[in-house]
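Here is how the chains run, residue by residue.
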Amino acid sequence: MSTTVPSDYNDLLLNLYRLSHELPIDQFQDGALALLKPALPFDSAMWGSATLTASGIDIHTIHLHNQPVEMLQAYEELKHLDTAAMDVSSQPTSTLAFHADSWFKDPSQEPLRDYGRRFGQCHFFISGAVTSETRFTRWLTLFRANPRAYCTEAERLRLALLMPHFHQALDLSRRVHLQQLGGQGRDAHIGSAIADRRGVLHHMDSVFKQAMLAEWDSWRGQVLPSAVMAAANSALPRVIGRTVVVTLRVEHHLLFIKTRPRCAADGLTPHEFAVAHLMAKGYTHKQIAGLRQRSPSTVRNQIRSLYDKLKVNNVAELIDELRQAE
């Protein structure tokens, strides 16, 4: 099949990539699906990523369009009956179009047929791409509720042609959001990445990759190191390693990650950090003593210790050290 997009789709793709830069991340997928609907009519959809297992798909991320959350809860009990998911996973890329009652016709699949009628899933389009080594997949499923709205071969080919662009535009939308979180491009030593809550990396730049390898020499690059995942699962905002500091931000069921080299200020205790920030704001040692409920002589000693620890000689140099720890 040709991979050249017909001229009729040019406006669709131009608008798709424009939306990836203009729409907030939480609105992009619905906006993209709204663009697709005139070219390929459907009533509802789900767009996500998962690992394919012997018992069915293990979902990592999911976006539901005109479907209730209850649909996913009900699917968990029936996913072992879903032969369409198995068929899509049998090759690196695949796009199916079928009538649900005809595809799921085995008597054992009757609960799946009932489920489809309950949630308006009479006709299906499924387009997926699978990484053979990890069985990680990204897919889009479109549903038609009208029993007479059969999927055509021309429509199946249309979705197969467009789907790589939709995945790429979703990646771009997430990267734009990552840039908006700050740090990106500000310093050549700042790395960035996006992962799902299972730790599977969806994007990483070369600076991030090198920082991970320097800190964890056994790291293989497909999922986040266990220390980073432990911090994410414990809702900790950062990991301080031997050579790198990893900051984590959870938004929209994804991890947005930044890395930077470890600096001297990362070795400060919380108390020392608080005193240093007060100094950076221009407070005198007597004012800090009052705020921290310490004697002026104690604070003077703490400041001297801070200067030694950070290897600085004045407040201006201290501020520079603190900025490296932002």
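Every value quoted in this text rests on a predicted model; they were computed, and no experiment measured them.

### Structural notes on the overall build of the protein
Part 1: Each helix and strand in the protein was counted, giving 13 helices and 10 strands.
Part 2: For 326 residues, the compact-globule formula gives about 20 Å, and the C-alpha radius of gyration of the protein, at 26 Å, lies well above that figure.
Part 3: Seen through its C-alpha atoms, the protein measures out along the principal axes to roughly 85 × 45 × 35 Å.
Part 4: Looking at the protein residue by residue over its 326 residues, the buried ones come to 48%.
Part 5: Here the analysis covers contacts within the protein between residues at least 6 apart in sequence; of these, 57% occur between residues at least 24 apart.

### Description of the sheet that holds strand S10 (residues 254-261)
Part 1: Across the sheet, which stays open at both edges, the five strands sit in the order S7-S6-S10-S9-S8 with antiparallel pairing between neighbours. This sheet does not close on itself; its edge strands, each paired only once, are strand S7 (201-204) and strand S8 (238-240). With strand direction ignored, the average angle separating the axes of adjacent strands in the sheet is 15 degrees.
Part 2: With eight bridges connecting them, strand S9 (residues 244-251) and S10 associate as antiparallel partners. Paired with Val250 across the bridge in S10 is Leu255.
Part 3: Taken strand by strand, helix H9 (residues 226-233) contacts S8, S9 and S10, and its axis lies near 40 degrees from that of S9.

### Quick word on the environment of His253
Part 1: Here His253 lies in the loop between S9 and S10.
Part 2: Residues His253 and Ala45, spaced 208 residues apart in sequence, show a C-alpha to C-alpha distance of 18 Å.
Part 3: Non-local contacts of His253, meaning those with residues more than four positions away in its chain, are made with Thr61, Asp196 and Arg197.

### Describing the packing of helix H2 (residues 25-39) against helix H7 (residues 153-180)
Each pair of packed helices can be described by the angle between their axes along with the distance between the axes.
Part 1: The N-to-C vectors of H2 and H7 enclose an angle of 160 degrees; their axes lie 10 Å apart at closest approach. Our classification of the angle between H2 and H7 gives roughly antiparallel. Of the two elements, H2 crosses H7, and the hand of that crossing is right-handed. Residues Ile25, Phe28, Gln29, Ala32, Leu36 and Ala39 of H2 touch H7, and the partners they reach there are Arg158, Leu159, Leu162, Phe166, Ala169, Leu170, Ser173, Arg174 and His177.

Procedures and definitions
- Every chain's residues receive numbers from 1 upward, in the order its sequence appears when written.
- In keeping with the predicted nature of the model, local features appear solely for residues at pLDDT of at least 70, side-chain atom pairs appear and are counted solely at 80 or more, and the whole-chain, interface and lining totals rest on all residues.
- Hydrogens and water are ignored here; the side-chain numbers use all heavy atoms of the structure.
- To qualify as a helix, a DSSP run of H or I must reach at least 4 residues; to qualify as a strand, a run of E must reach at least 2; elements of each kind are numbered from the N terminus.
- The atom set for the radius of gyration is the C-alpha atoms, and the globule formula is 2.2 Å times the number of residues raised to the power 0.38.
- Exposure is judged per residue with a 1.4 Å probe applied to protein chains only, and the accessible area is read against the type maximum: over 50% gives exposed, under 20% gives buried, and values in between give partly exposed.
- Throughout, a contact is declared for two residues whenever any of their heavy atoms are within 4.5 Å.
- When DSSP finds two or more bridges between a pair of strands, those strands are recorded as paired.
- Orientation is described by axes fitted as lines to C-alpha atoms, over the contacting stretch for helices, and by angles from 0 to 180 degrees between their N-to-C directions.
- Each angle is binned into one of four classes, with values under 35 degrees roughly parallel, values over 145 roughly antiparallel, values of 65 to 115 roughly perpendicular, and all other values oblique.
- Each crossing gets its hand from how the near helix is turned against the far one by less than a right angle, where anticlockwise is left-handed and clockwise is right-handed.

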